[in-house]
Amino acid sequence: MSTITIKFGGYQNPASIHNRAAERFGELLKKQFGDRIDFQLIGNVLNIGRQSGDLPKMVASGELSLCYISSVRFTDPVPEFKVLELPFLIKDRASVQRAFAGEFGKLLRQRMTKNTPHRLLGVWDNGFRHVTNRVRPIRTPADCKGLKIRCQVSEMHVEALQAMGFDPVSVDVKEFVDGIAGPRFDGQENPLTNTYNFGVQNYHRYQTLTSHLFGATVMICNNEHYKSWPADLQAAVDAAGREATRYQLELAAAEDTEMLAKFKLVKDHEIITLSDAERAPFVAAVQPVLEKYRRELDPRLFAYLV
């Protein structure tokens, strides 16, 4: 029997919770199948000159069998993902994890298989997103005025950040990491784990814990690869995907506390924690964006996240 090569791609460093979950996935397969499979983790495609946004295309083409990537990349073929990209909508991890484990998760899996070349194996937790910048502390929407902030490649994110007062620059994370030391970007927004692992704290003095968006990450598989595998490997991939997801959610739950402790050790790095009263003007500023998408999206999607 010939060896089956399974390549899993990511865009972070080895210590990231995503790559640790991907490693767990591979370990489970290797434990069960031994030499029947050759599992390879390409943990950071940025290091080989690719962009994070290339990952879904690399899976679709068969260059990779699997990858993890932000769910924002799928809001066009799977419009149901849009509800996850709305500012200040998701209040806590528990509600979104219940949704992924229930009917909402089932709907996303069905839509992914129907509308893309991919199979959705899990939805991971990339944490709540916050803002950093090198210019001034941000405590009010007025403090955001005139700041060029890097954001993900998402028109919805651009709309939300503009409503908060920023001047968003929507580029792949590779472009941001390559240019972080230069003048192009005043700020950026990311979960704590990404901010720290990309080394942003070395360039941005101020970090405001806005929790303006929740970061969902999808674990996807090339569906043609999956269907070509023997039944026992398909079942093992499904099971390993569930276990990798469980493990990733466990890591994510502890990650914010660990990252904040690391940020506090960085010289001259200031962490600004907003009270409910201080966050309220930001929430009010994005209401037109929320209302726009409430009119566009199925009301049931919002009900899933309660």
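Here, the structure is the one placed above.
Reference entry: report on the structure contained in this document. Model, not experiment: these values are computed from the prediction.

## Focus on the overall build of the chain
Phase 1: Looking only at helices and strands, the chain features twelve helices and nine strands.
Phase 2: Computed over its C-alpha atoms, the radius of gyration of the chain comes to 19 Å, within 12% of the 19 Å expected for a compact globule of 306 residues.
Phase 3: Dimensions along the principal axes, computed over C-alpha positions, put the chain at roughly 65 × 45 × 30 Å.
Phase 4: In the chain, buried positions account for 55% of the 306 residues.
Phase 5: Summed over its atoms, the accessible surface of the chain is roughly 12,900 Å², and 50% of this surface lies on carbon and sulfur atoms.
Phase 6: Distance from the positive charge centre (39 side chains) to the negative charge centre (36 side chains) of the chain: 1 Å.

## A look at empty space enclosed by the protein
Phase 1: For the coordinates displayed, the defined rule picks out three cavities of 30 Å³ or more.
Phase 2: Of the voids in this model, the largest cavity is the one considered here, and its volume is about 120 Å³.
Phase 3: In this structure, the largest cavity is lined by Tyr11, Ser52, Ile69, Ser70, Arg73, Asn126, Arg129, Arg150, Gln152, Val173, Asn190 and Asn194.
Phase 4: For the lining of the largest cavity, the elements supplying multiple residues, two or more each, are strand S3 (66–70) and strand S4 (118–133).
Phase 5: When the residues that make up the lining of the largest cavity are grouped by side-chain class, the tally is three nonpolar, six polar and three charged.

## Side note on the nonpolar core
Phase 1: Of all hydrophobic cores here, the largest spans 73 residues; its most connected members are Phe8, Phe25, Leu29, Val83 and Leu84.
Phase 2: Looking at this core element by element, the count peaks at eight residues for helix H9 (residues 231–263).
Phase 3: When residues no more than four places from it in sequence are discounted, the contact partners of Leu29 are Ile6, Gly34, Ile37, Leu233, Ala236, Val237 and Ala240.

## Concerning the pattern of salt bridges
Phase 1: In the structure shown here, the tally under the stated rule is 20 salt bridges.
Phase 2: Glu189 is paired through a salt bridge with Arg129; the nearest N and O atoms lie 2.8 Å apart. With Glu189 in strand S7 (residues 187–191) and Arg129 in strand S4, this pair connects stretches of sequence that are 60 residues apart. Judged on exposure class, the residue Glu189 and its partner Arg129 are both buried.
Phase 3: Several salt bridges share partner residues, and in doing so they unite Arg24, Glu243, Arg246 and Glu250 into one network.

## Focus on the layout of surface pockets
Phase 1: Counted as a void, the largest pocket has a volume near 450 Å³.
Phase 2: Lining the largest pocket we find 16 residues, and of these Arg109, Leu120, Leu121, Gly122 and Arg242 sit closest to its centre.
Phase 3: When residues of the lining of the largest pocket are traced back to their parent elements, those giving at least two are helix H3 (93–101), helix H4 (103–115), S4 and H9.
Phase 4: Considering only residue class, the lining of the largest pocket consists of six nonpolar, five polar and five charged.
Phase 5: Looking at the second largest pocket, its volume works out to about 210 Å³.
Phase 6: Lining the second largest pocket, in full, are Val72, Arg73, Phe74, Thr75, Asp76, Lys82, Val153, Ser154, Glu155, Met156 and Tyr293.

## Quick look at the packing of aromatic side chains
Phase 1: All chains considered together, the criterion is met by twelve aromatic pairs.
Phase 2: With a centroid separation of 6.4 Å and 70° between ring planes, the pair formed by Phe8 and Phe39 is classed as edge-to-face. Placement of Phe8 in strand S1 (residues 4–9) and of Phe39 in strand S2 (residues 37–42) is noted, with a sequence separation of 31 residues between them. Across the pair, Phe39 and Phe8 agree in class, each one buried.
Phase 3: A network of ring pairs unites the aromatic residues Phe8, Tyr11, Phe25, Phe39, Tyr68 and Trp124 as a single cluster.
Phase 4: Arg119 extends its terminal NZ or CZ atom over the ring of Tyr226, reaching a point 3.9 Å from the ring centre.

## Some remarks on the pairing of S2
Moving residue by residue along a regular strand, the side chains alternate between the two faces of the sheet.
Phase 1: Where S1 and S2 come together, six bridges link them in parallel fashion. Residue pairing across strands places Thr5 opposite Asp38, the latter belonging to S2.
Phase 2: Viewed along the sheet, the connection from S1 through helix H1 (residues 17–33) into S2 turns out right-handed.

## Some thoughts on the packing of H1 against H9
Helix packing geometry: the angle between the two helix axes and the distance between the axes.
Phase 1: Running from N to C, H1 and H9 cross one another at 150°; their axes reach a closest spacing of 8 Å. One way to sum up the angle between H1 and H9 is to call them roughly antiparallel. Crossing geometry of H1 relative to H9 is assigned as right-handed.
Phase 2: Split by residue class, the contact of H1 with H9 holds 14 nonpolar, four polar and six charged.

## So, helix H5 (residues 155–164)
Phase 1: Within H5, seven of the ten residues are buried, leaving the element largely enclosed by the surrounding structure.
Phase 2: Packed against the buried residues of H5 are strand S5 (148–151), strand S6 (167–170), S7, strand S8 (206–222), helix H10 (276–285) and helix H11 (287–296).
Phase 3: Two to three positions downstream of the cap, the backbone nitrogen of Met156 sits 3.3 Å from a side-chain oxygen, assigning the N-cap of H5 to Ser154.

## Some thoughts on the environment of Leu84
Phase 1: Checked against the element boundaries, Leu84 lands in the loop between S3 and H3.
Phase 2: Spatially, the C-alpha atom of Leu84 lies 8.1 Å from that of Val72, the residues being twelve residues apart in sequence.
Phase 3: When residues no more than four places from it in sequence are discounted, the contact partners of Leu84 are Ser71, Ile90, Val96, Phe100, Phe104, Phe214, Ala216 and Leu305.

Calculation rules
- Residues numbered from 1 in each chain as written.
- Predicted model: local features only at pLDDT ≥ 70, side-chain atom pairs only at ≥ 80, totals over all residues.
- Heavy atoms only, no water.
- Helix = DSSP H or I, 4+ residues; strand = E, 2+ residues; numbered from the N terminus.
- Rg over C-alpha atoms; globule rule 2.2 N^0.38 Å.
- Buried < 20%, exposed > 50% of the residue type's maximum accessible area, 1.4 Å probe, protein only.
- Areas by Shrake-Rupley, 256 points an atom, 1.4 Å probe, with all protein chains shown as cover.
- Lys, Arg positive; Asp, Glu negative; His and termini not counted.
- Charge placed at Lys NZ, Arg CZ, Asp CG, Glu CD.
- 1 Å grid on protein atoms, 1.4 Å probe; cavity = no way out; pocket = protein on both sides within 12 Å on 5 of 7 lines; lining within 4 Å.
- Points joined across faces, edges and corners; volume = space filled by probe spheres on them.
- Nonpolar A, V, L, I, M, F, W, Y, C, P; charged D, E, K, R; others polar.
- Core = buried A, V, L, I, M, F, W, Y, C linked by side-chain atoms within 4.5 Å.
- Contact = heavy atoms within 4.5 Å.
- Salt bridge = Lys/Arg side-chain N within 4 Å of Asp/Glu carboxyl O.
- Phe/Tyr/Trp six-rings, centres within 6.5 Å; stacked < 30°, edge-to-face > 60°.
- Lys NZ or Arg CZ within 6 Å of the ring centre and 35° of its normal.
- Pairing = 2+ DSSP bridges.
- Right-handed = clockwise from strand over helix to strand, strands pointing away.
- Axes fitted to C-alpha atoms, helices over the stretch in contact; angles between N-to-C directions.
- Parallel < 35°, antiparallel > 145°, perpendicular 65-115°, else oblique.
- Left-handed = near helix turned anticlockwise from the far one by under 90°.
- Polar contact = N/O pair within 3.5 Å; in protein donor to acceptor, adjacent residues only side chain to side chain.

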